[in-house]
Amino acid sequence: ASETFRARRGNCLSFSSMFVAMARNVGLRARFQEVDFPPDWTLDRDTYVLNQHVNVRVDLRGAAPRAVDFNIGDLKASYEMWEIPDTRALAHYYNNIGVERMQAGDTASSLSCFRRAIADGDRQFSPAWTNLGTLYLRNGHPAHAEAAYLQALKASDSDLVAMSNLARLYERLGDREMAAEYQKRVIYHRNRNPYYRYELARRAYDAQQYDEAIGHLKFATRKRPKDDEFYFLMGLSYLGKGDAQAARRWLARAEEVAATDALKRRYSSKIDTLLRDGGSQH
């Protein structure tokens, strides 16, 4: 299956756009933000879709800025967020529609949307180039697909989806050397992603490979030092090894960095239970 991008939960992006328009209309300073969400893949027909996320930062008079998110259940304070211009938000919008139209088999409309994402939105928005490449490949134009994927990497040299699709394309064309080169780049960049390493740690923990899990989590916590879930799994991994002292230290750290009082209380209530029971629960 090929891979493509879209902003996470497209209807939330539409709600965010309406909110920005209304906030600005009453004199508030509102800006779009991209959120460094953990990788969230879904399988849509024959395509794996990497869902990204956009929300809104609004400056309130006399109060600290707030993040307004229409998928608030998934938002964590530890996620990095950065402001983007309206042109980038527009690129997200047309890119989303383009993916939806591509999945529906409407090639002409999809092509138009990806082009608008780039021309009217942001030429450096690599997901639109990547998706354009996928559209070209689906319609029998591998040379055009290659050019679009390479343009995506020119815009963002860490675009894993473009790299992965290029590796598949070169494999399909019989160029094993280039396929291996891009697959090597995929592995390198993926291993530098703290959320990917956390997922590897989860798998290792489930397989009772606690030292392996701890190794992945040490990398992840260096990259994301405020993610409570990383510390919590670290504590469980040390508990699995039988090191209760280290487990208590890492579980306490999870409680310390937790973003809300409710989450802190939840960790606090779990720590003694886990240490008493030997870590039998996730």
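Thresholds applied
Residue numbers restart at each chain and count upward from 1, following the sequence in its written direction. In keeping with the model being predicted, local features are shown solely for residues with a pLDDT of at least 70 and side-chain atom pairs are shown and tallied solely at 80 or more, while totals for entire chains, interfaces and linings include all residues. As a convention, hydrogens and water are excluded, and side-chain values are obtained from all of the structure's heavy atoms. Salt bridge, as applied in this entry: a Lys or Arg side-chain nitrogen positioned within 4 Å of an Asp or Glu carboxyl oxygen. A run of DSSP states H or I qualifies as a helix once it reaches four residues; a run of E qualifies as a strand once it reaches two. Both are numbered from the N-terminal end. Each residue is placed in one exposure class: buried if its accessible area under a 1.4 Å probe, protein chains only, is under 20% of its type's maximum, exposed if it is over 50%, and partly exposed if it falls in between. Between any two strands, pairing holds if DSSP finds at least two bridges. Residue contacts are defined here by distance: any two heavy atoms, one from each residue, within 4.5 Å place the two residues in contact. What pLDDT reports is the predictor's confidence in each residue, on a scale of 0 through 100. Residues belong to a common nonpolar core when they are buried Ala, Val, Leu, Ile, Met, Phe, Trp, Tyr or Cys residues joined through side-chain atoms within 4.5 Å. By this rule, a helix spans an expected 1.5 Å times one less than how many residues it contains. Directions drawn from the helix axis to the C-beta atoms are what define this arc.

The next thing to look at is the pattern of salt bridges. Taken as a whole and judged by the stated rule, the model has 15 salt bridges. Here Asp59 and Arg31 are joined by a salt bridge, their closest N and O atoms 2.6 Å apart. Remark: Arg31 occurs in strand 2 (residues 29-35) and Asp59 occurs in strand 4 (residues 47-59); sequence separation between them is 28 residues. According to the relative accessible area criterion, Asp59 is partly exposed, its value standing at 22%. The partner of Asp120 in a salt bridge is Arg116, and the shortest N-O contact between them spans 3.0 Å. Residue Asp120 and its partner Arg116 are both found in helix 3 (residues 107-121); the two are separated by four residues, about one turn of the helix.

The next subject is the environment of Gly240. Along the chain, Gly240 falls in helix 10 (residues 228-241). With a relative accessible area of 34%, Gly240 lands in the partly exposed category. When the C-alpha positions of Gly240 and Tyr205 are compared, they lie 8.3 Å apart, and in sequence the two are 35 residues distant.

So, about the pairing of strand 2. Taking burial as the measure, the seven residues of strand 2 include six buried ones, the bulk of the element. With four bridges joining them, strand 2 and strand 6 (residues 81-84) adopt antiparallel strand pairing. Opposite Glu34, over in strand 6, you have Trp82 as the bridge partner.

For the rest of this paragraph, the subject is the environment of Ala213. Position of Ala213 relative to the elements: it lies in helix 9 (residues 210-223). With 25 residues separating them along the chain, Ala213 and Tyr238 place their C-alpha atoms 9.4 Å apart. Setting aside residues up to four positions removed in sequence, Ala213 forms contacts with Ala201, Ala204, Tyr205 and Ser237.

Before going further, it helps to spend a moment on the confidence of the model for the protein chain. Summing up the model confidence of the protein chain, the mean pLDDT is 86 and the portion of residues at 70 or higher is 86%. Across the protein chain, the secondary-structure element scoring lowest on mean pLDDT is strand 3 (residues 41-44), at 54, and the one scoring highest is helix 5 (residues 142-155), at 97.

Another point: unusual backbone geometry. Of note in this structure, Gln208 is not a glycine but carries a positive phi near 60°. In this structure, Gln208 sits in the loop between helix 8 (194-206) and helix 9. By relative accessible area, Gln208 is classed as exposed at 58%.

Here we come to the nonpolar core. Counting residues in hydrophobic clusters, the biggest one holds 32 residues, and the most contacted among them are Leu217, Phe232, Leu233 and Tyr238. Mapped onto this core, the elements with two or more residues apiece are helix 8, helix 9, helix 10, helix 11 (244-257) and helix 12 (261-277). Among the elements that take part in this core, helix 10 stands out by supplying eight residues, more than any other. Every residue in contact with Leu217, bar those within four places of it in the chain, is listed here: Tyr198, Ala201, Phe230, Leu233, Met234 and Ser237. The next biggest cluster of nonpolar side chains, apart from the first, holds 29 residues, and it includes Val99, Trp129, Ala148 and Tyr149.

Turning our attention to helix 5. Counted at 1.5 Å a residue, the expected span for helix 5 with its 14 residues is 20 Å, and the 20 Å between its end C-alpha atoms agrees. For helix 5, the set of buried residues is Ala145, Ala148, Tyr149, Ala152 and Leu153. Along the axis of helix 5, the buried positions cluster into a sector of 140°, meaning they face one direction only. Along helix 5, the residues that are exposed and aim more than 90 degrees away from the buried face are Ala143 and Lys154. Its buried side turned inward, helix 5 meets helix 4 (126-138), helix 6 (160-172) and helix 7 (176-191).

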